[in-house]
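# Chains, contacts and geometry: an overview
So you can see what is in the structure, the chains are spelled out below.
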Amino acid sequence: QVQLVESGGGLVQAGGSLRLSCVVSERTTDGMGWFRQAPAKGREFVASIRWNAGTYYANSVKGRFTISRDNAKNTVYLQMNSLKPEDTAIYYCAAGGVGSNTNEYKYWGQGTQVTVSS
(Lines give C-alpha, C1' and ligand atoms only; values in the text may rest on other atoms or scores of the structure.)
Protein backbone atom coordinates (compact mmCIF):
# COMPACT_ATOMS: atom_id res chain seq x y z
CA GLN A 1 0.00 0.00 0.00
CA VAL A 2 2.88 2.39 0.71
CA GLN A 3 4.16 4.25 -2.33
CA LEU A 4 7.32 6.35 -2.48
CA VAL A 5 8.25 8.82 -5.22
CA GLU A 6 11.70 10.39 -5.40
CA SER A 7 12.73 13.50 -7.29
CA GLY A 8 15.58 15.98 -7.49
CA GLY A 9 18.34 13.96 -9.10
CA GLY A 10 20.48 15.37 -11.85
CA LEU A 11 23.94 16.17 -13.16
CA VAL A 12 26.25 18.41 -11.15
CA GLN A 13 29.94 19.21 -11.03
CA ALA A 14 32.13 18.10 -8.16
CA GLY A 15 31.65 20.42 -5.20
CA GLY A 16 28.08 21.20 -6.16
CA SER A 17 24.83 20.47 -4.36
CA LEU A 18 21.54 18.69 -4.93
CA ARG A 19 18.42 18.23 -2.84
CA LEU A 20 16.45 15.03 -3.19
CA SER A 21 12.83 14.69 -2.14
CA CYS A 22 10.69 11.65 -1.43
CA VAL A 23 6.93 11.81 -0.98
CA VAL A 24 5.36 8.91 0.90
CA SER A 25 1.73 7.96 0.38
CA GLU A 26 1.30 6.71 3.95
CA ARG A 27 3.20 7.46 7.11
CA THR A 28 4.86 4.36 8.51
CA THR A 29 5.55 3.47 12.11
CA ASP A 30 9.24 2.93 11.51
CA GLY A 31 11.74 5.33 10.05
CA MET A 32 12.77 6.22 6.54
CA GLY A 33 16.10 6.07 4.82
CA TRP A 34 18.12 6.95 1.76
CA PHE A 35 20.21 4.34 -0.02
CA ARG A 36 22.25 4.42 -3.20
CA GLN A 37 23.54 1.98 -5.75
CA ALA A 38 26.52 2.70 -7.99
CA PRO A 39 27.25 0.71 -11.15
CA ALA A 40 28.37 -2.86 -10.43
CA LYS A 41 27.87 -2.36 -6.69
CA GLY A 42 25.29 -3.36 -4.14
CA ARG A 43 22.82 -1.05 -2.50
CA GLU A 44 24.54 1.10 0.12
CA PHE A 45 23.10 2.86 3.15
CA VAL A 46 23.34 6.65 3.10
CA ALA A 47 21.16 8.13 5.85
CA SER A 48 18.05 7.43 7.91
CA ILE A 49 15.55 9.34 10.00
CA ARG A 50 12.60 8.56 12.20
CA TRP A 51 9.44 10.62 11.90
CA ASN A 52 9.78 11.85 15.47
CA ALA A 53 13.36 10.98 16.38
CA GLY A 54 16.97 11.33 15.32
CA THR A 55 19.17 10.78 12.29
CA TYR A 56 21.96 8.44 11.30
CA TYR A 57 24.53 8.74 8.50
CA ALA A 58 27.02 6.58 6.72
CA ASN A 59 30.58 7.68 7.41
CA SER A 60 31.15 8.35 3.72
CA VAL A 61 28.57 11.16 3.67
CA LYS A 62 28.71 12.45 7.24
CA GLY A 63 29.25 16.19 7.31
CA ARG A 64 28.21 16.61 3.68
CA PHE A 65 24.67 15.20 3.52
CA THR A 66 21.69 16.10 5.68
CA ILE A 67 18.47 14.11 5.97
CA SER A 68 15.30 15.84 7.12
CA ARG A 69 11.54 15.40 6.96
CA ASP A 70 8.28 17.28 6.94
CA ASN A 71 5.67 15.14 8.65
CA ALA A 72 2.78 17.32 7.49
CA LYS A 73 3.77 16.69 3.88
CA ASN A 74 4.83 13.07 4.37
CA THR A 75 8.10 14.02 2.72
CA VAL A 76 11.72 13.20 3.46
CA TYR A 77 14.66 15.14 2.00
CA LEU A 78 18.32 14.56 1.40
CA GLN A 79 20.43 17.68 1.05
CA MET A 80 23.72 16.77 -0.59
CA ASN A 81 26.58 19.26 -0.47
CA SER A 82 30.22 19.06 -1.53
CA LEU A 83 29.38 16.30 -3.94
CA LYS A 84 32.13 14.02 -5.19
CA PRO A 85 32.31 11.83 -8.29
CA GLU A 86 32.12 8.77 -6.04
CA ASP A 87 28.66 9.93 -4.96
CA THR A 88 27.40 9.08 -8.44
CA ALA A 89 24.64 6.49 -8.07
CA ILE A 90 20.95 5.86 -8.24
CA TYR A 91 19.46 7.11 -4.98
CA TYR A 92 16.48 5.36 -3.44
CA CYS A 93 14.27 6.32 -0.54
CA ALA A 94 12.89 3.59 1.65
CA ALA A 95 10.30 3.22 4.38
CA GLY A 96 9.29 0.67 6.96
CA GLY A 97 12.71 0.11 8.51
CA VAL A 98 14.86 1.48 11.31
CA GLY A 99 18.45 0.45 10.60
CA SER A 100 21.11 0.67 7.92
CA ASN A 101 20.42 -2.77 6.46
CA THR A 102 18.50 -2.76 3.19
CA ASN A 103 16.70 -5.93 4.20
CA GLU A 104 14.99 -4.16 7.09
CA TYR A 105 13.04 -1.80 4.82
CA LYS A 106 9.74 -2.91 3.35
CA TYR A 107 8.98 -0.18 0.82
CA TRP A 108 11.14 1.43 -1.85
CA GLY A 109 10.90 4.24 -4.35
CA GLN A 110 11.78 4.00 -8.02
CA GLY A 111 15.13 5.76 -7.63
CA THR A 112 16.57 8.99 -8.98
CA GLN A 113 19.91 9.30 -10.77
CA VAL A 114 22.63 11.50 -9.31
CA THR A 115 25.69 12.07 -11.49
CA VAL A 116 28.69 14.07 -10.30
CA SER A 117 31.27 15.03 -12.90
CA SER A 118 34.92 15.64 -12.10
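Data block above holds the structure.
What comes next is a walk through the structure. (Residues numbered from 1 in each chain as written. Predicted model: local features only at pLDDT ≥ 70, side-chain atom pairs only at ≥ 80, totals over all residues. Heavy atoms only, no water.)

### Regarding the overall build of the protein
- Secondary structure summary: the protein contains zero helices and eleven strands in total.
- Counting helices and strands in the order they occur from the N terminus, the protein gives β-β-β-β-β-β-β-β-β-β-β.
- Taken over the C-alpha trace, the protein has a radius of gyration of 13 Å; the compact-globule value for 118 residues is 13 Å, and the two agree within 12%.
- By principal-axis analysis of the C-alpha atoms, the protein measures approximately 40 × 30 × 25 Å.
- Taking all 118 residues of the protein together, the buried fraction comes to 46%.
- By sequence separation, contacts in the protein at least 24 residues apart represent 54% of the contacts at least 6 residues apart.
- Looking at the protein as shown, the accessible area adds up to about 6000 Å², and 45% of this sits on carbon and sulfur atoms. (Helix = DSSP H or I, 4+ residues; strand = E, 2+ residues; numbered from the N terminus. Rg over C-alpha atoms; globule rule 2.2 N^0.38 Å. Buried < 20%, exposed > 50% of the residue type's maximum accessible area, 1.4 Å probe, protein only. Contact = heavy atoms within 4.5 Å. Areas by Shrake-Rupley, 256 points an atom, 1.4 Å probe, with all protein chains shown as cover.)

### Quick notes on the packing of aromatic side chains
- One pass over the structure, following the stated rule, counts five aromatic pairs.
- Between Phe35 and Phe45, the aromatic rings sit 5.6 Å apart at their centres with planes inclined by 70 degrees, giving edge-to-face as the arrangement. Taken together, the positions of Phe35 in strand β4 (residues 31-37) and Phe45 in strand β5 (residues 44-49) put the pair ten residues apart, joining distant regions of the chain. Summarising the burial analysis for this pair, Phe35 and Phe45 share the class buried. (Phe/Tyr/Trp six-rings, centres within 6.5 Å; stacked < 30°, edge-to-face > 60°.)

### Thoughts on the sheet that holds strand β3 (residues 18-24)
- With antiparallel pairing, the four strands of this open sheet are ordered in space as β1-β3-β8-β7. Bordering the open sheet on either side are β1 (4-7) and β7 (65-70), each of which pairs with just one other strand. Taken pair by pair, the neighbouring strands of this sheet meet at an average axis angle of 15 degrees, ignoring direction. (Pairing = 2+ DSSP bridges. Axes fitted to C-alpha atoms, helices over the stretch in contact; angles between N-to-C directions.)

### A word on the state of the cysteines
- By the definition in use, this model includes one disulfide.
- Here Cys22 connects covalently by a disulfide to Cys93, the sulfurs 2.0 Å from one another. Looking along the S-S bond of the Cys22-Cys93 disulfide, the torsion reads about 55 degrees, which is the right-handed sense. Here Cys22, found in strand β3, pairs with Cys93, found in strand β9 (residues 89-97); they are 71 residues apart in sequence, far enough to count as distant.
- We classify Cys22 as buried; its relative accessible area is 0%. (Disulfide = S-S within 2.5 Å.)

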